[in-house]
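Results of the structural survey
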Amino acid sequence: MYIKRQIEETILKSSATFPVILLTGPRQTGKSTVLRHLEQPGRTYVTLDNPAIRESARSTPDLFFQRFPPPLILDEIQYAPQLFPYIKMLVDKCQENGLFWLTGSQAFEMMQNVQESLAGRVSLLKMYGFSQAEKEGRTAAAFPPDQDALIALASSQSPKSAEQVFQSIWQGSMPRVVTQPEMDVENYYASYVQTYLERDVRLITTISDEGQFVRFIKLIAARTAQELNLAALAREIGVDAKTCRRWLDILVMTGLVIELPAYSGNLSDRLIKRPKLYFMDTGLAAYLTGWQSAEAMMNGSYSGAVFETWVVSEIMKSWWFNGKRPVIYYYRDRMQKEVDLLISRNQQLLPFEIKKSSNPNDALKNFPVLEKLAVEIGFGGVLSLSPELLPITEKYWQIPVSLL
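Cut-offs applied
- Residues numbered from 1 in each chain as written.
- Predicted model: local features only at pLDDT ≥ 70, side-chain atom pairs only at ≥ 80, totals over all residues.
- Heavy atoms only, no water.
- Buried < 20%, exposed > 50% of the residue type's maximum accessible area, 1.4 Å probe, protein only.
- Helix = DSSP H or I, 4+ residues; strand = E, 2+ residues; numbered from the N terminus.
- Pairing = 2+ DSSP bridges.
- Core = buried A, V, L, I, M, F, W, Y, C linked by side-chain atoms within 4.5 Å.
- Contact = heavy atoms within 4.5 Å.
- Axes fitted to C-alpha atoms, helices over the stretch in contact; angles between N-to-C directions.
- Parallel < 35°, antiparallel > 145°, perpendicular 65-115°, else oblique.
- Nonpolar A, V, L, I, M, F, W, Y, C, P; charged D, E, K, R; others polar.

This next bit is on the pairing of strand E13 (residues 380–384). Counting buried positions over the five residues of E13 gives five, a clear majority of the element. In this structure, strand E11 (residues 348–355) lies alongside E13, joined through four bridges in parallel fashion. Each residue of the ladder has a partner; that of isoleucine 354, found in E13, is leucine 383. In the sheet, E13 pairs with strand E15 (residues 396–400) via five bridges, with the strands oriented parallel. Paired with serine 384 across the two strands is proline 400, which belongs to E15.

Glancing now at the nonpolar core. Residues Phe213, Ile315, Leu383 and Ile399 are the most contacted members of the largest nonpolar core, which totals 94 residues. Residues in contact with phenylalanine 213, not counting those within four places in the same chain, are Tyr196, Leu197, Val201, Ile207, Trp247, Ile250 and Leu251. By size, the runner-up hydrophobic cluster in this structure holds 24 residues, among which are Leu22, Ile53, Leu83 and Val122.

Contact pair helix H12 (residues 210–222) / helix H14 (residues 241–253): the axes reach a minimum separation of 11 Å and the direction vectors enclose 70°. Between H12 and H14, the interaxial angle falls into the category roughly perpendicular. Only Cys244, Trp247, Leu248, Ile250 and Leu251 of H14 make contact with H12, whose side of the interface consists of Gln212, Phe213, Phe216, Ile217 and Ile220. The residue makeup of the contact of H12 with H14, split by class, is nine nonpolar, one polar and no charged.

With respect to the secondary-structure elements, threonine 224 resides in the loop between H12 and strand E6 (226–227). Take threonine 224: its relative accessible area is 1%, and that puts it in the buried class. Ignoring any residue separated from it by four or fewer positions in sequence, one finds threonine 224 in contact with Leu277, Tyr278, Phe279, Tyr302, Ala305 and Thr309.

Written as structure tokens, this is what we have:
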């Protein structure tokens, strides 16, 4: 079963204005599926997963494009970075848009080759698992829409219970899990981690102790929605801080984890500067931390962190799937005044708190500290399990997460 992806329109627009599009993101999020769904007559699909084709691309890249001329879908391009200079030559020769549709992980070597060889010629797009909107068959603007759009959306959307939301959080966003309800979720994610180690991680670096690296991933999953403290992570896993940083970079490069930067404004000496870490797929995070049901997770100590993680991932997807670059921060000062999200848009900062409670009390208590910043503070509010869209003040609203 194919579910329409919101990024489809972004892909087609980019293909009409760039000779190359590169769709990046974690494995099994549907990158090749969406490109093949959009495939037009005359465009050939080639995957470098095929060992013989991969070897040909690596050893004789010039002859490779005689065998497979553009327009072309080239899947798993990270396996043959030798192709990038030849793609550049073909692009410069043909002077046409839409010649190459590429997919790949965000491995450092691949991205370095893209930036060096295809600067100005490639549209870089990010792909992740299904958003809540995609699961429901609707489109979503980059969050937040304005108040009128929120009201219109609330009038057309049915509120979700906490149980429904946490079932989606526990299940995760991977297409195979979403489209196959009979899937054994635990077995799927166990296989996913093993495949990730064998293919993505080994492409980037050599891990001498894979068991220790898996423990590190589990530790990061347990600390989702927390500030990065490399020294504490290194002590807990039993490696040095340099190794810890290298391993974390692998998770970021392969799209499993994002780092949300701390806001640094004119009060930089008073602000905490460490980023916060978020797992992009809450189903994988739930598996890694051992939650075997949505109900147990919803009622457990992990619920607040994984709920915040899910909200952040949904907001990031809403930007990326619309072809936009999110400029999003969190705020915390040395007096422990924190605001979960600051979204920069149109020369304003839009502040949001994320609260699992359907009736969050004092959620706006830290917002006054933002008035000290040398930037205009715009519309914001509280993202929660509340079933109702309601104004708290003229500027700040209570927003159900079912509207993401």
